[in-house]
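Topology and contacts: notes
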Amino acid sequence: MYRISFLLILMYSTLNYAQEVSKERVITVLSKLASDEMKGREIGTPENDSAAIYIAKQFADNKLRYCIGDSYLVPFEYKGKTVYNVCGIKKGKSDKILAFTAHFDHIGTSENTEDKVFNGADDNASGVTTVIGLADFFKTEKPDFSMMFIAFNGEEKGMKGSKAISDLESLQSKYQNITALFNFEMVATVSKFGPNALYMTGDEFSDLDELFNGRAVNGLQIFPDPYLGQNLFYRSDNVSFVKKKIVAHSFSTVDMNTARHYHQLNDNLEIVNFDNLTQIINNMGKTFEKLTPENFKPTYNNKVDFN
Ligand SMILES: [Zn+2]
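A few points on the structure. (Residues numbered from 1 in each chain as written. Predicted model: local features only at pLDDT ≥ 70, side-chain atom pairs only at ≥ 80, totals over all residues.)

The residue L134 is located in helix 4 (residues 121-137) in this model. Since 24 C-beta atoms lie within 10 Å of it, L134 is described here as buried. Distance in space between the C-alpha atoms of L134 and K63 is 13 Å, their sequence separation being 71 residues. Discounting residues that sit within four places of it in the chain, L134 has contacts with F100, I281, M284 and G285. (Helix = DSSP H or I, 4+ residues; strand = E, 2+ residues; numbered from the N terminus. Buried ≥ 20, exposed ≤ 12 C-beta atoms within 10 Å, placed from the backbone. Contact = placed C-beta atoms within 7 Å.)

Right under this line is the structure:
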């Protein structure tokens, strides 16, 4: 009897419970995206395609559904070339969607230094690793919310990818079901609020952070954006969805006053705090596990500018 119930519990737990993401996995994914072989993931390069294909492979391993057609790769045109966003969906118990996004492109290579590659470990291999980590986390679970995972291309050239995919006619019915969009942008370092914390751009425009923090586990906390003068809410990919009146914010840990690696050659693996990032991914996953369409309905107030 003991053995049978133990086996049943074991089976149940492997099929229906989320899986913690290991630090090794976080290191593997982030290191791959930020490796020299990716040559800075600049849009329009073969290495940018390689990064998209690598992300699509992770979505496939997590058994996500395609957002459109028969591929995770969603093409658009950039300067006469076909380039790709990457999009996958996890079906939950409800059609209501939480979207997790991050841009995967970076600024390529530099011509006149010893270190020729802008690895973009923080900007934004860290954000993409968070999106993949959340897909990993829910691999064997059917959450209450459905989930949409998107890696945007061309952010560095003016948010090209998020604009393209947000305007796709065939995805509008899905977008109408998005309850909230979490865009991860530079989450590799410990925030000025300490570990296990992020800040949210545009917190003055919605009650998302209050609702999230009310359910957050293990001390994870979202703080208001402390760099208000920099207008960050309107400067990242979330804004393509703000224009559709979807509650969409960016989440970051980077200290905009003291960081010296933004768009520099030293944005490489050495500046990544993998313990903190792993903790944030797992605590995010455990918090999203507790959110339902009934208990999580963030809304904008009338201060937000939709244009
Ligand atoms: Zn950047």
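With that settled, the discussion passes to the nonpolar core. Membership of the largest hydrophobic core comes to 74 residues, with the highest contact counts inside it found for I55, V86 and V131. Top contributing element to this core by residue count: helix 4, with eight residues. Discounting residues that sit within four places of it in the chain, I55 has contacts with V86, F104, V128, I132 and A151. (Core = buried A, V, L, I, M, F, W, Y, C linked by C-beta atoms within 7 Å.)

A separate point is helix 7 (residues 208-215). Within the span of helix 7, buried status applies to L208, D209 and F212. Seen along its axis, helix 7 keeps its buried residues to an arc of 90°; they face one direction. Across from the buried face of helix 7, at angles greater than 90 degrees, the exposed residues are E210 and G214. Each element contacted by the buried residues of helix 7 is listed here: strand 6 (178-184), strand 7 (197-200), strand 8 (221-224), strand 9 (248-252) and helix 9 (274-290). (Arc of directions from axis to C-beta.)

By the secondary structure assignment, F241 is in helix 8 (residues 239-242). Taking the C-alpha atoms as reference points, F241 and G120, separated by 121 residues in sequence, lie 24 Å from one another. Apart from the residues within four sequence positions on either side, F241 is in contact with S166, L181, I246 and A248.

What follows deals with unusual backbone geometry. At the junction of D123 and N124, the peptide bond is cis and its omega measures out at 0° in the coordinates. Relative to the assigned elements, N124 resides in helix 4. Within the chain, M159 stands out as a residue other than glycine whose phi angle is a positive 55°. Following the sequence through the fold, M159 ends up in the loop between strand 5 (146-152) and helix 5 (160-166). With phi around 60°, N196 is a residue other than glycine that occupies positive phi space.

Residues in a regular strand point their side chains to alternate faces of the sheet. Buried residues dominate strand 6, accounting for six of its seven residues. Relative to strand 6, strand 4 (residues 97-103) runs parallel, the two sharing five bridges. Of the residues in strand 6, the one forming a bridge with I97 is I178. Relative to strand 9, strand 6 runs parallel, the two sharing four bridges. Its bridge partner being in strand 9, F182 is matched across the sheet by H249. (Pairing = 2+ DSSP bridges.)

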